[in-house]
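Residue-level structure breakdown
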Amino acid sequence: MEKKIITDEEFYKKFIECLKNKKDFKLTNCIIEGDIAAVEIYNRIRDNSILKELNNLKEEKEYTLFAEITINIDIKIHIINVEFNGNFESFGYVFKDHEFIKLEFNREVDFRNSVFNGEADFRNTIFDKEADFRSSVFNKGADFGNSIFGKEVDFRNSTFKERAVFRNTTFNKEVDFRSSVFRGEADFRSSVFKERAVLRNIIFNNEVDFSDSTFDGLAIFSDSTFSSDIDFRSSVFNKEAIFSELVFEGLAVFDESVFNKEANFRNTTFNKEADFRS
């Protein structure tokens with residue numbers, strides 16, 4: 001089925017109309033031409049007496065010329081099989097509930113400081129350019145399964161309060177989860193990391209699964225805490241793997257894993273069984 005082409009202006013009008021009527025925003029099988037930005041939605045609704053309670057404008061003291069915009073979205077958002085040809089910037093969004101399935105972002109994506117209060121569903125999505133999720137909070141499950149990140153992706157300082165799924169996900173450039181917190185299960189099974197994977201200084205409070213994954217670049221897991229079982233079964237590390245300064249509180253399963261370069265476990269503590277059987 002051929003996708004319909006709509007403009008950014010049509011997108012904004014439809015979105016704001018749904019806000020006014022408190023109706024779900026649904027967009028399927030189309031191509032959007034032009035940039036989509038949270039600040040543009042804010043500019044269009046900030047003087048509307050009906051919608052102004054959705055917005056909170058606050059000024060950061062250290063940046064007196066700029067302001068951080070937070071827009072609380074109180075409707076469900078369903079965007080399925082949609083292609084974005086412009087930049088997508090949702091900096092500071094608070095999502096009540098959304099569905100982003102089988103999307104393609106052809107330009108940069110910015111979800112910095114976003115809050116997802118419902119399930120964050122990004123299954124089967126293609127991020128062709130850089131994707132920025134820094135300091136985002138996922139209060140429910142987050143699912144990036146079967147997605148492809150074509151360029152660098154940044155999840156630094158993010159919080160996943162429930163299950164996080166990156167199963168069968170491909171990272172073609174560097175991915176950075178530094179200083180993030182995973183409170184629920186973290187599922188990276190059968191994922192591919194083509195370049196450097198930075199997973200240092202992370203807190204994993206629940207089970208972690210990297211089984212059958214491939215690391216073609218440097219893999220850095222140093223200074224992290226694994227409070228439950230972790231599974232690297234049948235994973236392949238084609239460059240150096242750094243597991244130094246770690247604490248494994250649960251079972252650490254590395255059986256049938258392949259380390260083609262140096263594996264560094266310096267100053268690492270295993271509080272339960274560690275399985276390195278080949």
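My aim in this report is to walk through the structure given alongside it, one point at a time. What you are looking at is a predicted structure, and each value in this text was computed from that prediction instead of being measured.

1. What about the overall build of the protein?
Each helix and strand counted, the protein has two helices and 39 strands in total. Here the C-alpha atoms of the protein give a radius of gyration of 20 Å, agreeing with the 19 Å that 2.2 N^0.38 yields for 278 residues. Oriented by its inertia axes, the alpha-carbon framework of the protein measures out at about 65 × 45 × 30 Å. Counting only residues that meet the buried cut, the protein has 48% of its 278 residues in that class. Once local pairs closer than 6 in sequence are excluded, the contacts in the protein between residues at least 24 apart make up 23%.

2. Describing the packing of helix H1 (residues 8–21) against helix H2 (residues 38–45)
The geometry of H1 relative to H2 is characterised by a closest axis approach of 11 Å and an angle of 55 degrees between their N-to-C directions. Relative to H2, the element H1 lies oblique. For the pair H1 and H2, the crossing hand works out as right-handed. Side by side, H1 and H2 meet where Glu9, Tyr12, Phe15, Ile16 and Leu19 of the first sit next to Glu40, Ile41, Arg44 and Ile45 of the second. Tallied by class, residues from the contact of H1 with H2 come to six nonpolar, no polar and three charged.

3. Side note on the environment of Phe215
Inspection of the secondary structure puts Phe215 in strand E28 (residues 214–215). The spatial distance from the C-alpha of Phe215 to the C-alpha of Glu195 is 7.4 Å, given a sequence separation of 20 residues. Contact partners of Phe215, with chain neighbours within four places excluded, come to Phe193, Ala197, Phe210, Phe221, Phe232, Val236, Phe237, Asn238 and Lys239.

4. Brief notes about the pairing of strand E2 (residues 25–33)
Examined bridge by bridge, strand E1 (residues 4–7) and E2 share four bridges and lie parallel to one another. Directly across from Lys4, in E2, lies its bridge partner Cys30. Handedness of the E1-H1-E2 crossover: right-handed.

5. Brief notes about the pattern of salt bridges
Across all of its chains, the model carries 23 salt bridges by this definition. Glu9 serves as the salt-bridge partner of Arg44, at 2.8 Å between the closest nitrogen and oxygen. Of the two residues, Arg44 is situated in helix H2 and Glu9 in helix H1; the sequence distance between them amounts to 35 residues. Note on Glu9: relative accessible area 32%, which makes it partly exposed.

6. Notes on H1
In this model H1 runs 20 Å from its N-terminal to its C-terminal C-alpha over 14 residues, within 8% of the 20 Å that 1.5 Å per residue would give. What H1 keeps buried is the set Phe11, Tyr12, Phe15, Ile16, Cys18 and Leu19. Across the axial projection of H1, the buried residues extend over an arc of 155 degrees, all falling on one side. Just past H1, the residue Lys22 takes up positive phi, approximately 50 degrees.

7. Focus: the side chain of Ser90
Tracing the backbone shows Ser90 in the loop between strand E6 (88–89) and strand E7 (93–101). If near-sequence neighbours (up to four positions away) are discounted, Ser90 is found in contact with Ala38, Phe95, Asp110, Phe111, Arg112 and Ser114.

8. A look at the sheet that holds strand E21 (residues 175–176)
Read from one edge to the other, the open sheet built from 10 strands follows the order E3-E6-E9-E13-E17-E21-E25-E29-E33-E37, with strand pairing classed as parallel. What marks the edges here is a single partner per strand, and that holds for strand E3 (36–37) and strand E37 (263–264). With two bridges connecting them, strand E17 (residues 153–154) and E21 associate as parallel partners. Counted as the bridge partner of Val153 is Val175 from E21.

9. Some details on the environment of Ile80
By secondary structure assignment, the location of Ile80 is in strand E5 (residues 68–84). In the structure, Ile80 is positioned 23 residues away from Leu103 in sequence and 6.4 Å away in space, judged by C-alpha atoms. Not counting residues within four places of it along the chain, the set of residues in contact with Ile80 comprises Leu27, Thr28, Asn29, Glu99, Ile101 and Leu103.

10. So, H2
Three or four residues apart is the spacing at which side chains of an α-helix point the same way, because the helix has 3.6 residues per turn. Those residues of H2 that sit buried are Ala38, Ile41, Tyr42 and Ile45. One face of H2 carries all of its buried residues, which in axial projection span an arc of 100 degrees.

11. Here we look at the sheet that holds strand E31 (residues 230–231)
Taken in spatial order, the eight strands line up as E11-E15-E19-E23-E27-E31-E35-E39 in an open sheet, and their pairing is parallel. Looking at which strands have only one partner, the edges of the open sheet turn out to be strand E11 (120–121) and strand E39 (274–275). Examined bridge by bridge, strand E15 (residues 142–143) and strand E19 (residues 164–165) share two bridges and lie parallel to one another. Bridging from a neighbouring strand, Asp143 pairs with Val165 of E19.

What counts as what
Residues numbered from 1 in each chain as written. Predicted model: local features only at pLDDT ≥ 70, side-chain atom pairs only at ≥ 80, totals over all residues. Heavy atoms only, no water. Helix = DSSP H or I, 4+ residues; strand = E, 2+ residues; numbered from the N terminus. Rg over C-alpha atoms; globule rule 2.2 N^0.38 Å. Buried < 20%, exposed > 50% of the residue type's maximum accessible area, 1.4 Å probe, protein only. Contact = heavy atoms within 4.5 Å. Axes fitted to C-alpha atoms, helices over the stretch in contact; angles between N-to-C directions. Parallel < 35°, antiparallel > 145°, perpendicular 65-115°, else oblique. Left-handed = near helix turned anticlockwise from the far one by under 90°. Nonpolar A, V, L, I, M, F, W, Y, C, P; charged D, E, K, R; others polar. Pairing = 2+ DSSP bridges. Right-handed = clockwise from strand over helix to strand, strands pointing away. Salt bridge = Lys/Arg side-chain N within 4 Å of Asp/Glu carboxyl O. Expected span 1.5 Å × (residues − 1). Arc of directions from axis to C-beta.

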